Amino acid sequence: MTTTLADSWGVHSAQFWLRGKQPEKRVEFSERSGMWNVYGHREALRILADPATFSSDIIRVVPDGTFPDEDKDALSAGNLIQLDPPMHTKLRKLVSHAFTPKVVADLEPRIAKVTTELLDAVDGTGRLELVENLAYPLPVIVIAELLGVPASDRELFKGWVDGLLDNDEEFTLNEPTEKQRARLKDRMEVRQNLIDYITGHADERRSRPREDLLTKLIEAQVDGESLSPAQVANFANLLLVAGHITTTMLLGNTMLCLDAHPGEWQKARADRSTVPSVIEESLRFLSPFAAVARVTNVEADFDGTVIPPDHMIMVWVAAANRDERTFTNPDTFVATRDPNPHLAFGRGVHFCLGAPLARLEGRVAMNLLLDRYPTLRADPDARPEFQPSPNMTGVRKLPLLAG
């Protein structure tokens, strides 16, 4: 069904693996983008597990003039996904306590209550727009409450996040076109709206601390020094954005998989112990974040293909999750696949901090959907709308008929 999904709904051409295609080479250089592409599972695993060789500090190789000078430094300050150890390790510890197994497990009643309230709001209509009615508001409410910003502002967040993600072009290190410069300028302005919003709440916490993550970031010290306002804002911004968009896409992608394989919906209804496996397979089959970037600190040799130092690599984890060397029948959705060593949440020191929370939100939401609806299927008269970015796989809209 993957080929049908991709061809019918216009998945970006960069995501060739969604059409059941295997790359000619697992590691290759792209003249068009000026970067290396890595598609294989074992190659991706090697890169993600070795931050000493493959750095997350990608901004250093972005050509001057791509970002305004002040923005290039501002993008990295306190941004976990662009930091290497030891600073990455130190900053990650500041919030890791908020995502321990016990803390996450204790959130289950709240997640169930929010899910129930959201579904009650559309009960009896026979329809469910999954993203608008559930997959977006649920994780936003949860992460906003943890961070300490008003969940009632979620429509503000949505407008800004949609603006950040509204990009259908592949990133390039080559000279950008005027169109690309204009789009980047627009996205930087949207990002600044988010930063200004969080900075305003952070300033309020300095005089009126609370029991929330934002206060803890402000009060935290690393090597005896407090985080700068830019570090606090970037750190909180990452938690807010990444803390909801992953679950939003996870829920949408899981429903896409079940819609394409309706028998699996009934199997999950009959045996709820399979729900976590269904979610894991959807993460492999339609990986939300299709690619992550790294930069070589030193020369790296992949079976004779040598990547020089200071070269950017796009690690296509979604393609790696379709590698036939690791996964049997990789283009087939197998709800009970075991083992399932997918890389959708990354691996190594940058393994997704919020993965336990995303999995819990997905499990609770899917079980409540199964409880409430004997059937859920895509509306044949209203096609899903995908995220335009080639680096992401997920829906912006998913109209469902609820039986």
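Refer to the structure presented above.
Residues numbered from 1 in each chain as written. Predicted model: local features only at pLDDT ≥ 70, side-chain atom pairs only at ≥ 80, totals over all residues. Heavy atoms only, no water.

Student: Teacher, can you tell me more about unusual backbone geometry here?
Tutor: It is generally the case that most residues other than glycine have a negative phi and that most peptide bonds are trans. A cis amide bond links Pro85 to the next residue, Pro86, at an omega of 5°. Tracing the sequence through the fold places Pro86 in the loop between helix 3 (69-76) and helix 4 (87-96). For Asp223, which is not a glycine, the phi torsion comes out positive at approximately 55°. With respect to the helices and strands, Asp223 occurs in the loop between strand 5 (221-222) and strand 6 (225-226). Residue classification places Asp223 among the exposed residues on the basis of a relative accessible area of 60%. With phi around 60°, Asp310 is a residue other than glycine that occupies positive phi space. In this fold, Asp310 is placed in the loop between strand 9 (305-307) and strand 10 (312-315). (Helix = DSSP H or I, 4+ residues; strand = E, 2+ residues; numbered from the N terminus. Buried < 20%, exposed > 50% of the residue type's maximum accessible area, 1.4 Å probe, protein only.)

Student: Help me out: how do you make sense of the pattern of salt bridges in this one?
Tutor: Oppositely charged side chains may form a pair once their charged atoms are brought near each other. Using the criterion set out here, one finds 27 salt bridges in the structure. For the salt bridge of Asp379 with Arg127, the shortest nitrogen-to-oxygen distance reads 2.3 Å. Here Asp379, found in the loop between strand 11 (376-378) and strand 12 (385-386), pairs with Arg127, found in strand 4 (residues 127-129); they are 252 residues apart in sequence, far enough to count as distant. Given the relative accessible area of 7%, Asp379 is considered buried. Arg127 sits in the partly exposed class, given a relative accessible area of 43%. (Salt bridge = Lys/Arg side-chain N within 4 Å of Asp/Glu carboxyl O.)

Student: I keep staring at the packing of aromatic side chains and nothing clicks. Help me out?
Tutor: By convention here, two paired aromatic rings are described through the distance between centres and the angle between planes. Tallied over the entire structure, the rule returns 9 aromatic pairs. Look at Phe16 and Trp17: their rings are 5.1 Å apart centre to centre, the planes differ by 75°, and that puts the pair in the edge-to-face class. Residue classification places Phe16 among the buried positions, given a relative accessible area of 17%. Arranged with centres 6.2 Å apart and planes meeting at 70°, the rings of Phe345 and Phe351 form a pair that is edge-to-face. For Phe345, a relative accessible area of 5% gives the class buried. The exposure class assigned to Phe351 is partly exposed, which follows from its relative accessible area of 27%. One Lys or Arg, Lys158, reaches over the ring of Tyr136 and ends 5.8 Å from the middle of that ring. Above the plane of the ring of Phe285 lies Arg322, whose end atom (NZ or CZ) is 4.3 Å from the centre. (Phe/Tyr/Trp six-rings, centres within 6.5 Å; stacked < 30°, edge-to-face > 60°. Lys NZ or Arg CZ within 6 Å of the ring centre and 35° of its normal.)

Student: What is the right way to read the sheet that holds strand 4 from this model?
Tutor: Picture the strands of a sheet paired through backbone hydrogen bonds; they go either parallel or antiparallel. Spatial strand order, 4-14-11: 3 strands in an open sheet with antiparallel pairing. In this open sheet, the two edge strands, each paired with only one partner strand, are strand 4 and strand 11. The average angle at which neighbouring strand axes cross in this sheet is 30°, direction not considered. (Pairing = 2+ DSSP bridges. Axes fitted to C-alpha atoms, helices over the stretch in contact; angles between N-to-C directions.)

Student: I keep staring at the pairing of strand 14 (residues 399-402) and nothing clicks. Help me out?
Tutor: One face of the sheet, then the other: side chains in a regular strand alternate in exactly this way. Along strand 14, one buried face is formed by Pro399 and Leu401 and the opposite face, lined by Leu400 and Ala402, is buried too. In this structure, strand 4 lies alongside strand 14, joined through 3 bridges in antiparallel fashion. For Arg127, the partnering residue across the bridge sits in strand 14 and is Leu401. Here strand 11 pairs with strand 14 via 3 bridges, running antiparallel. The partner of Arg377 across the bridge, within strand 14, is Leu401.

Student: Hey, could you run me through the sheet that holds strand 7 (residues 292-296) in this one?
Tutor: The strand order across the open sheet formed by 5 strands is 1-2-10-7-3, and the pairing between neighbours is mixed. On the outer flanks of this sheet lie strand 1 (27-30) and strand 3 (54-55), each paired with one strand and no other.

Student: Please explain the environment of Thr254 as it appears in this structure.
Tutor: In this structure, Thr254 sits in helix 12 (residues 229-260). Along the chain, Thr254 and Ile279 lie 25 residues apart, while their C-alpha atoms are 6.2 Å from each other. Not counting the four nearest positions on each side in its chain, Thr254 is found in contact with Val278, Ile279, Ser282 and Met366. Engagement of the side chain of Thr254 in a polar contact is seen with the side chain of Ser282, the distance being 2.8 Å. (Contact = heavy atoms within 4.5 Å. Polar contact = N/O pair within 3.5 Å; in protein donor to acceptor, adjacent residues only side chain to side chain.)

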